[in-house]
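Here are the chains, one letter per residue:
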Amino acid sequence: MSLAELICPAGTPAALRTAVDAGADAVYCGFQDATNARNFPGLNFTPDELAASVAYAHDKGTKVLLALNTYPPAGKVDLWRQAADTGALLGVDAFIVADMGVADYIARTHPGVRLHLSVQAAASSPEAIRYYCENFAVKRVVLPRILTIPEIREIRKEIPCEIETFIFGNHGLMVEGRCSLTNYLTGQSTNMDGVCSPASDVEYKRHTDDSMSSQLAGFTIDCFGADEKAGYPTICKGRYTAPHRSEPYYAFEVPISLNLSRLLPDLIDAGVHAFKIEGRQRSKSYVRGVVSAFRQAVDDIRAGREANIADLVALTEGQKQTQGAFETKKWR
Amino acid sequence: MAVNDMTNLTLGPIAYHWSTQTRRDFYARVADEAPIDEVYLGEVICSKRAPFHEADLPATIERLERGGKTVILSSLAEVMLRRERKATADLAAMEAPEIEINNAAGLFARGKRPHRIGPFMNAYNEATIAWMAGRGATHVCLPTEMPAPAIAAAAAAARELGLGVEVQVFGRASLAVSARCYHARAHGRTKDNCQFVCEEDADGMPLRTTDDRPILRVNGIQTQSESYIGLLPEAGQMIVNDVTHFRLMPQAVDMVAVATTFRNVLDGTHSLIDGEQALRKLCDGISFSNGFYHGQAGYRRIAAAAAN
C-alpha cells in the first residue's frame, strides 16, 4: 500500500496551524508575491512567518512544501531564485515547481531539497513526467485533474517518481499552466503573476428585475435569477451563448467541486502516493473540516476499515460535486 | 517603422479542422503566392483530426519547399492517449524536415537532437531558454501573453545563445487547452463521440456574454481570443529587440494578402498606416488587439501604440 499522504492547503500561518493540528501529513504554501499560483491579497507567507510555520509543522511531524509554481517572465527570474534560496534556508521539505529554468536552478543549487512537479507543468504522459525526473531529479508529480484512474494506474507503471492527485476542491478544467484566460480579460497573468480571476476585478450588478450578474473586468461572466445564488465569476465556469445556442449555457463547465472521497481506495490501489486538498484561499473552518474528514477516511482505509466519509457537500462550490475525469472518460 | 527585409515571416500551423480540400488549396496558394519564409505544418490541437490530412503531408511539404518555403512539423500541444504519445514519438524521431515541439513528451523523445520550441512550451525566460538551448533547442516561439519588456529580455538571451526568436503577430491567441472538447459539449456530445462538429467553424465558434458582447472562440479542446492579435505597429520595436521571426496564425481570411501586407510594411515599401488599413479591410468585422504586448488585458487595443 502506498503512503497515501494527505497534502493540505495553507494559505496563511493560521490555516497552516489548523491543517497541521487537523492531521495533515504535509502542508503546501507560498510567499506573498508572484512566485506562486495563488498570489491573492491577504494570503501567503512572509519569510519570517514561514520560518515560524516550518518550526511549528516540523514539531508535529508535518512536512512543509513551498509552491514556486509560476513562470518567471524574462528579466524577473531573480525573484524566483531568491524565493528558492529563502525556502531552502528555512528548511522546507520540498519545492513545487513548474518552470524548467526554476527547476534547473534548484536542482543545481539546492540538490538536498526534494523537487515536486507542479500541476502547472501540465505533465500528463509518462514521457513528459520522465523528462522532468531525468533532468531535474523530480521526486513527485502532481497530476492534472484530467486523467481517469485506469490512466493513472498505467502512468504509475512507467514513471520513476511518486504521484500526487487532487481529491477535493476546485474542479480545474483548463490544462493548468496553459491558460491565459484571466490575462486576456484583466491584464494579470495566471502563469506570470499567479492570478486567476482576481477579486479586484470582480463586480456584482443587481438589475431592475432583481436578477444579478457577475462580472470580471467589465465582462459579464454569468447572470442569476432573483432566487439563484450568484457564483464567483471564473471565466471557465461562466455562461455564454453560441450561434446555435441562443440560451446561455455553461460552455466549459458548471460551477462544481471535485470530491473524490469515494474513490480513495481505488486511487491508493492505483499507486497514488499523496492526496492533495485544494483551497489555499479558503477559511480556517473549511481547512479544519475537510482535513479532519479526509484524515479519518485515510486512517480508516489504511487500517482496513470501511471509510466513513463525512458529508462534505456543504463545503463544495455551489453545493455540487463531481468525480470529474477520474471516474469516466465521458467527462471529456 | 524600422525597415528590415531580413526578418522572417512564418505561417503557424492551422488550428482549425479545415477540410482536406481547403487545406490543399490553402497551401498551394501559400506555396505560389505568399511572401512567407517558413511554414509550420501538422495537427497541434486535436489528435482525432490528424488522420484527415496525414496522407497529404508529404505532397504539401514538397509543394511548399518547391515554392521556396522552409517547412517545420509541429507536435501536439496535449499528449495523453497512446496514439498521441506515438504521434509525438514518431515526430521526434524525424531528421527532416525540422520539428517544433509543443509538449514535454516531445522533448523527452527528442533528446539532444536539434528542434524548435513551440508556443505551448512556456519558454518565458532566459533561464528556461538557456536550459532548452543546452538540450538542443535552436529556436523558440515565445508564449503569446508575454509583455514587451519580457520579450526583449528573452530575445536578447536567445541571441546570445544563437537561437531564433519568434512572436505571434497576427491571428487569434490560444488562451487555454483542456482535456474536454468544448465544441462537442456545445452540441451535446462528448469528445469520443464528437463527429468532428468543429469542422463547422473555420474560424472558431464564437461565444458571447449574456449581454451579447463577443468574448472568446472555441476550437475543439482549445479556447481562443475573440480578437485577432495584431502587432504590425509593434513589429519595428521587436526587430530592434532581436525578435527574428514573426508568426502569422492561419485564420479564415485571405492569408496571402495578410502576409503580403506584413511583408510590404516590414520591407518599407508600404507605410504602417497603409498596412493597418489593408489589414482592417482584409479582416472586416474582426477586432484587433495588442494588450498582451503592452502588459494590459489581452483583448485591448492600445491606441497610442497604433498611432506610432
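Just so it is clear, the model here is predicted, and its values are computed rather than measured. (Residues numbered from 1 in each chain as written. Chains lettered and ligands numbered in written order. Predicted model: local features only at pLDDT ≥ 70, side-chain atom pairs only at ≥ 80, totals over all residues. Heavy atoms only, no water.)

A.B. asks: I keep staring at the overall build of chain A and nothing clicks. Help me out?
C.D. replies: A tally of regular secondary structure across chain A gives 11 helices and 15 strands. The C-alpha atoms of chain A give 20 Å as radius of gyration, which agrees with the globular expectation for 332 residues (20 Å, within 12%). Overall size of chain A, expressed as C-alpha extent along the three principal axes, is 60 × 50 × 40 Å. Roughly 12,100 Å² of accessible area belongs to chain A as shown, and the carbon and sulfur atoms make up 49% of that amount. (Helix = DSSP H or I, 4+ residues; strand = E, 2+ residues; numbered from the N terminus. Rg over C-alpha atoms; globule rule 2.2 N^0.38 Å. Areas by Shrake-Rupley, 256 points an atom, 1.4 Å probe, with all protein chains shown as cover.)

A.B. asks: Is there a simple way to think about the overall build of chain B in this case?
C.D. replies: Each helix and strand counted, chain B has 12 helices and 12 strands in total. Computed over its C-alpha atoms, the radius of gyration of chain B comes to 18 Å, within 12% of the 19 Å expected for a compact globule of 308 residues. If one aligns the C-alpha atoms of chain B with their principal axes, the spans along those axes are about 50 × 50 × 35 Å. A total of 308 residues make up chain B; the buried ones form 61% of that total. Contacts spanning at least 24 positions in sequence make up 67% of the contacts within chain B whose residues lie at least 6 apart. Total accessible area computed for chain B in this model is approximately 10,900 Å², and 52% of it derives from carbon and sulfur atoms. Across chain B, the 32 positively charged side chains and the 36 negatively charged ones have centroids separated by 5 Å. (Buried < 20%, exposed > 50% of the residue type's maximum accessible area, 1.4 Å probe, protein only. Contact = heavy atoms within 4.5 Å. Lys, Arg positive; Asp, Glu negative; His and termini not counted. Charge placed at Lys NZ, Arg CZ, Asp CG, Glu CD.)

A.B. asks: Hey, could you run me through the packing of helix α1 (residues 13-21) of chain A against helix α10 (residues 284-302) of chain A in this one?
C.D. replies: Angle between the axes and distance between the axes: these two values describe a pair of packed helices. Residues and elements named next belong to chain A. Packing of α1 against α10 brings their axes to within 9 Å, and their N-to-C directions diverge by 20°. Here α10 runs roughly parallel to α1, going by the angle between their axes. Crossing of α1 against α10: the hand is right-handed. Counting all contacts with α1, which are made through Ala14, Ala15, Thr18 and Ala19, the residues of α10 involved are Lys284, Val287, Arg288 and Val291. A breakdown of the residues in the contact of α1 with α10 according to their chemical character gives 5 nonpolar, 1 polar and 2 charged. (Axes fitted to C-alpha atoms, helices over the stretch in contact; angles between N-to-C directions. Parallel < 35°, antiparallel > 145°, perpendicular 65-115°, else oblique. Left-handed = near helix turned anticlockwise from the far one by under 90°. Nonpolar A, V, L, I, M, F, W, Y, C, P; charged D, E, K, R; others polar.)

A.B. asks: Help me understand the sheet that holds strand β10 (residues 219-224) of chain A, please; the structure alone is not making it clear to me.
C.D. replies: Strand pairing in a sheet is mediated by backbone hydrogen bonds. Such pairs are either parallel or antiparallel. All names here are of chain A. Spatially, the 3 strands line up as an open sheet ordered β8-β9-β10, and their pairing is antiparallel. Of all strands in the sheet, those bounded by a partner on one side alone are β8 (202-206) and β10. Each adjacent strand pair in this sheet contributes to an overall mean axis angle of 25°, direction not counted. (Pairing = 2+ DSSP bridges.)

A.B. asks: Got a minute to help me understand the interface of chain A and chain B in this structure?
C.D. replies: Interface size is commonly expressed as the accessible surface area that is lost when the partners come together. In this assembly, 66 residues from chain A lie in contact with 63 residues from chain B. Across the chain A/chain B interface, buried area totals approximately 5,600 Å², and carbon plus sulfur atoms make up 59% of it. The largest share of the area that chain A buries against chain B comes from A:Arg178, A:Tyr184 and A:Arg332, three residues that together contribute 15% of it. For the interface between chain A and chain B, the tally reads 3 salt bridges. (Buried area = accessible area lost by both parts, 1.4 Å probe. Salt bridge = Lys/Arg side-chain N within 4 Å of Asp/Glu carboxyl O.)

A.B. asks: Looking at this structure, I do not really get the UniProt feature "binding site: [4Fe-4S] cluster" (unreviewed entry) in chain B. What am I missing?
C.D. replies: All names here are of chain B. If you check UniProt for "binding site: [4Fe-4S] cluster" (unreviewed entry), the listed places come out as Cys46, Cys181, Cys194 and Cys198 in our numbering. Spanning 153 residues, the annotated positions come together in the fold, the maximum distance between their C-alpha atoms being 11.5 Å. Assignment of secondary structure puts Cys194 in the loop between α8 (182-186) and β8 (205-208). Sequence-distant contacts of Cys194, defined by excluding residues within four places in its chain, comprise Lys48, Ala184 and Arg189. Within the fold, Cys198 resides in the loop between α8 and β8. Those residues in contact with Cys198, other than ones at most four positions away along the chain, are His17, Arg49 and His183. (UniProt positions renumbered as here; feature names shortened; annotations may be inferred.)

A.B. asks: How do you make sense of the nonpolar core when you look at a structure like this?
C.D. replies: Nonpolar side chains in soluble globular proteins tend to end up buried together. By size, the foremost hydrophobic cluster in this structure holds 196 residues, and its most contacted members are A:Phe252 and B:Leu207. With residues near it in sequence (within four places) discarded, B:Leu207 still touches A:Tyr240, A:Thr241, A:Ala242, A:Tyr249, A:Ala251, A:Phe252, B:Arg213, B:Pro214, B:Ile215, B:Leu216 and B:Val218. A:Ile7, A:Ala26, A:Ala94 and A:Ile96 belong to the second largest nonpolar core, which has 8 residues in total. (Core = buried A, V, L, I, M, F, W, Y, C linked by side-chain atoms within 4.5 Å.)

A.B. asks: I'm lost on the side chain of A:Ser53 in this one. Help?
C.D. replies: Its location among the elements puts A:Ser53 in helix α2 (residues 47-59). If sequence neighbours within four positions are ignored, A:Ser53 has contacts with A:Pro13, A:Leu16 and A:Phe45.

A.B. asks: Can you walk me through helix α7 (residues 148-161) of chain B in this structure?
C.D. replies: Residues separated by three or four positions in an α-helix point in the same direction, a consequence of the helix having 3.6 residues per turn. Residue and element names in this part refer to chain B. A rise of 1.5 Å per residue sets the reference length of α7, with its 14 residues, at 20 Å; its end C-alpha atoms lie 20 Å apart and thus fit the reference within 8%. Turning to α7, its buried residues are Ala148, Ala150, Ile151, Ala154, Ala155, Ala157 and Ala158. Where α7 is buried, its residues contact α6 (126-134) and β7 (164-177). Among the residues trailing α7, Gly162 stands out with phi positive, at a value near 80°. (Expected span 1.5 Å × (residues − 1).)

A.B. asks: How should I be thinking about the packing of helix α4 (residues 100-109) of chain A against α6(B) in this particular structure?
C.D. replies: Two numbers describe how α4(A) lies on α6(B): the axes approach to 7 Å, and their chain directions differ by 80°. The angle between α4(A) and α6(B) places the two elements in the roughly perpendicular class. Facing α4(A), whose interface residues are A:Met100, A:Gly101 and A:Asp104, α6(B) presents B:Ala127, B:Thr128, B:Trp131 and B:Met132. For the contact of α4(A) with α6(B), the class distribution of residues is 4 nonpolar, 2 polar and 1 charged.

A.B. asks: Would you explain the pattern of salt bridges in this entry?
C.D. replies: It is possible for side chains bearing opposite charge to pair when their charged atoms get close. Residue and element names in this part refer to chain A. Summed over all chains, the structure comprises 41 salt bridges over all chains. Note that Glu134 and Arg130 form a salt bridge whose closest N and O atoms lie 4.0 Å from each other. Here the residue Glu134 and the residue Arg130 both occupy positions in helix α5 (residues 126-136), the gap between them amounting to 4 residues, near one helical turn. With a relative accessible area of 27%, Arg130 lands in the partly exposed category. Glu228 is paired through a salt bridge with Arg239; the nearest N and O atoms lie 3.6 Å apart. With a gap of 11 residues between them, Glu228 in the loop between β10 and β11 (239-242) and Arg239 in strand β11 connect regions that are remote in the sequence.

A.B. asks: Could you clarify how one ought to interpret the state of the cysteines in this entry?
C.D. replies: In a disulfide, the sulfur atoms of two cysteines are held together by a covalent bond. Evaluated as defined, the whole model comprises 0 disulfides over all chains. As a non-bridged cysteine, A:Cys133 has A:Cys161 as the owner of its nearest cysteine sulfur, 3.6 Å distant. Residue A:Cys133 is classed as buried on the basis of its relative accessible area of 10%. Here B:Cys141 is not cross-linked by a disulfide; its sulfur's nearest cysteine counterpart is in A:Cys179, at 18 Å. On the basis of relative accessible area, B:Cys141 is assigned to the buried category, the value being 1%. (Disulfide = S-S within 2.5 Å.)

A.B. asks: Where do I start with the pairing of strand β3 (residues 63-68) of chain A in this structure?
C.D. replies: Residues in a regular strand project their side chains so that they alternate between the two faces of the sheet. Residues and elements named next belong to chain A. The buried count for β3 comes to 5 of 6 residues, which makes it a mostly enclosed element. As paired elements, strand β2 (residues 26-29) and β3 share 4 bridges and run parallel to each other. Within β3, the position partnered with Ala26 by the bridge is Lys63. In the classification by handedness, the crossover that spans β2, the intervening α2 and the parallel β3 is right-handed. (Right-handed = clockwise from strand over helix to strand, strands pointing away.)

A.B. asks: Explanation requested: the environment of A:Arg305 in the structure shown.
C.D. replies: Position of A:Arg305 among the secondary structure elements: in the loop between α10 and β15 (321-322). Excluding residues within four positions of it along the chain, A:Arg305 makes contact with A:Asp299 and A:Asp300.

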